[in-house]
Amino acid sequence: MNIAIDAMGGDHAPREIVLGAARAAAHFPDIHITLIGDEAKIRPHVPDGGRLSILHADEVIEATDEPVRAVRRKKNSSLVRMAEEVKEGRADACISAGNTGALMAAGLFVVGRIAGIDRPALAPTLPTLDGRGFVFLDVGANVDARPEHLQQYAIMGHVYAQQVRGIAKPRIGLLNVGTEDQKGNETVKRAFSLLKETNLHFIGNVEARDLLNGVADVVVADGFAGNVALKTIEGTAMALFSLLKQTLTSGAVAKLAAAVLKPKLAGLKKMMDYSEYGGAALFGLNAPVIKAHGSSDANAIFHAVRQAREIVAHDVIGTIKAELERA
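Residues numbered from 1 in each chain as written. Predicted model: local features only at pLDDT ≥ 70, side-chain atom pairs only at ≥ 80, totals over all residues. Heavy atoms only, no water.

The name given to the chain in an unreviewed UniProt entry is Phosphate acyltransferase, and the organism recorded there is Geobacillus stearothermophilus. Reading the Function (unreviewed entry) entry of the UniProt record for the chain gives the comment "Catalyzes the reversible formation of acyl-phosphate (acyl-PO(4)) from acyl-[acyl-carrier-protein] (acyl-ACP). This enzyme utilizes acyl-ACP as fatty acyl donor, but not acyl-CoA." Check the Subcellular location (unreviewed entry) section of the UniProt entry for the chain; it says "Cytoplasm". (UniProt positions renumbered as here; feature names shortened; annotations may be inferred.)

Shown next as structure tokens:
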């Protein structure tokens, strides 16, 4: 199995990208990783031996670039060359921590959509208090969605939760402003009806306040509502940890308590760390495309590789195609 990685994408590229890839290559004996980008900048971080190779690309799509224009004009960029490796069959999956819009554009224009999927969905797995986590889609690939798009998201999320996360009968929830059947705007109401007609384990509407309590294994939303919910969760988590740090360093007694609680707090932080679940999969494309967080360190890249490997190994793309035909 070969996985292509945009080594120049992200805040800590290429060092952290390469270190994470090297760790993954050493850990998983069945994969080979192609690092794509400026070879002179990548080479110093590549360990001797291992299953890593470098494909030189002398252009980089920056975070400030307009996504579609950049993909069309920067043909020799690390991100576009990465997508081409997948399109041409030289790689089974690809990962980038770079420009999200450009990755989605490359996914659509280069990798291509699955027949029957109108719009791809960006789908991270988020932590929950019970440790199970849940798949959340869409969180920003498409700010507008029709009811049938939400139905397609549910099918793709169901397959991923079942095949990769090992949940035999994933609970599918529809993000809404209330749990009552008739809540929401017309798009959500129609999506509710469509989801009830599927053979999925649809549990109905779920509210944002219940997401981290593990109310569902897959939560479906349009990209606007999903992105707002995601950013709210991220911001709240960062604020709480910041307040906790301030409180536990505010005096001698607090610092003593912090020393006692440190192992427990470290465990809590690890349990709620999104990077432990990998990146956000861009579902609906002909091959696995993973968007790692822009601030990804080596650990986050390692888990993104693990995630890509599992998607390929469980043939998630093939299963999505089969489910769409049945639906």
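Asker: In this structure, what is going on with a nonpolar patch on the surface? I would like to understand it.
Answerer: Nonpolar side chains collect at one region of the surface, where Val143, Phe224 and Val228 lie side by side and expose about 290 Å² of accessible area between them. Structurally, valine 143 is set in the loop between β7 (134-137) and α6 (147-163). Its relative accessible area of 47% is what places valine 143 among the partly exposed residues. (Patch = residues over 30% accessible without salt bridge, like charges linked within 9 Å, V, L, I, M, F, W, Y side chains within 5 Å. Areas by Shrake-Rupley, 256 points an atom, 1.4 Å probe, with all protein chains shown as cover. Salt bridge = Lys/Arg side-chain N within 4 Å of Asp/Glu carboxyl O. Helix = DSSP H or I, 4+ residues; strand = E, 2+ residues; numbered from the N terminus. Buried < 20%, exposed > 50% of the residue type's maximum accessible area, 1.4 Å probe, protein only.)

Asker: I'm lost on the layout of surface pockets in this one. Help?
Answerer: The gaps of empty space that remain are located by a probe, the size of a water molecule, rolled over the atoms. Estimates place the volume of the second largest pocket at around 200 Å³. The wall of the second largest pocket is formed by 14 residues, among which Gly9, Gly10, Ala63, Gly98 and Asn99 lie closest to the centre. When grouped by side-chain class, the residues that make up the lining of the second largest pocket number five nonpolar, six polar and three charged. (1 Å grid on protein atoms, 1.4 Å probe; cavity = no way out; pocket = protein on both sides within 12 Å on 5 of 7 lines; lining within 4 Å. Points joined across faces, edges and corners; volume = space filled by probe spheres on them. Nonpolar A, V, L, I, M, F, W, Y, C, P; charged D, E, K, R; others polar.)

Asker: Would you explain empty space enclosed by the protein in this entry?
Answerer: All chains considered together, the criterion is met by one cavity of 30 Å³ or more. If you add up the space inside the largest cavity, you get close to 30 Å³. Around the largest cavity sit Asp6, Gly9, Val60, Ile61, Ser78, Leu79, Gly98 and Asn99, which together line it.

Asker: Explanation requested: the sheet that holds strand β8 (residues 171-175) in the structure shown.
Answerer: What links the strands of a sheet is backbone hydrogen bonding, and the strands pair in either a parallel or an antiparallel sense. The mixed open sheet is built from five strands, whose spatial order is β6-β7-β10-β8-β9. Looking at the sheet topology across the chains shown, the edges are occupied by β6 (125-126) and β9 (201-206). This element, α6, spans β6, β7, β8 and β10 (218-220) of the sheet and lies at about 165° to β10. (Pairing = 2+ DSSP bridges. Contact = heavy atoms within 4.5 Å. Axes fitted to C-alpha atoms, helices over the stretch in contact; angles between N-to-C directions.)

Asker: Sorry if this is basic, but what is going on with the sheet that holds strand β4 (residues 93-96) here?
Answerer: Reading across the sheet, the seven strands line up as β3-β2-β1-β4-β12-β11-β5 and stay open at both edges, with mixed pairing between neighbours. The sheet is open, and its two borders are formed by β3 (52-56) and β5 (121-123), each paired with just one other strand. Pairs of neighbouring strands in the sheet enclose a mean axial angle of 25°, with direction left out of account. Of the strand pairs in this sheet, strand β2 (residues 32-37) and β3 are connected by five bridges, and their pairing is parallel. Bridge pairing links isoleucine 36 to leucine 55 in β3. Of the strands in this sheet, β1 (2-6), β2, β4, β11 (280-283) and β12 (289-291) touch helix α10 (residues 298-313), which is tilted by about 155° from β4.

Asker: Please explain the domain arrangement of the chain as it appears in this structure.
Answerer: Frequently, the measure chosen for interface size is the accessible area removed from exposure when the parts meet. Here the chain is described as being made up of domain 1 (1-116 + 284-314) and domain 2 (118-277). Between the C-alpha centres of domain 1 and domain 2 there is a distance of 25 Å. Between domain 1 and domain 2, roughly 1400 Å² of surface is buried when both sides are summed, and carbon and sulfur atoms account for 56% of that area. On inspection of domain 1 and its partner domain 2, the count reaches zero salt bridges. The interface formed by domain 1 and domain 2 includes three residue pairs in polar contact (both at pLDDT 80 or more). Contributions of two or more residues to the side of domain 1 that touches domain 2 are made by α5 (100-111) and α10. Ranked by the residues each element gives to the side of domain 1 that touches domain 2, the list is headed by α10, at seven residues. Considered class by class, the residues forming the side of domain 1 that touches domain 2 number five nonpolar, nine polar and four charged. (Domains from an automatic or database assignment. Buried area = accessible area lost by both parts, 1.4 Å probe. Polar contact = N/O pair within 3.5 Å; in protein donor to acceptor, adjacent residues only side chain to side chain.)

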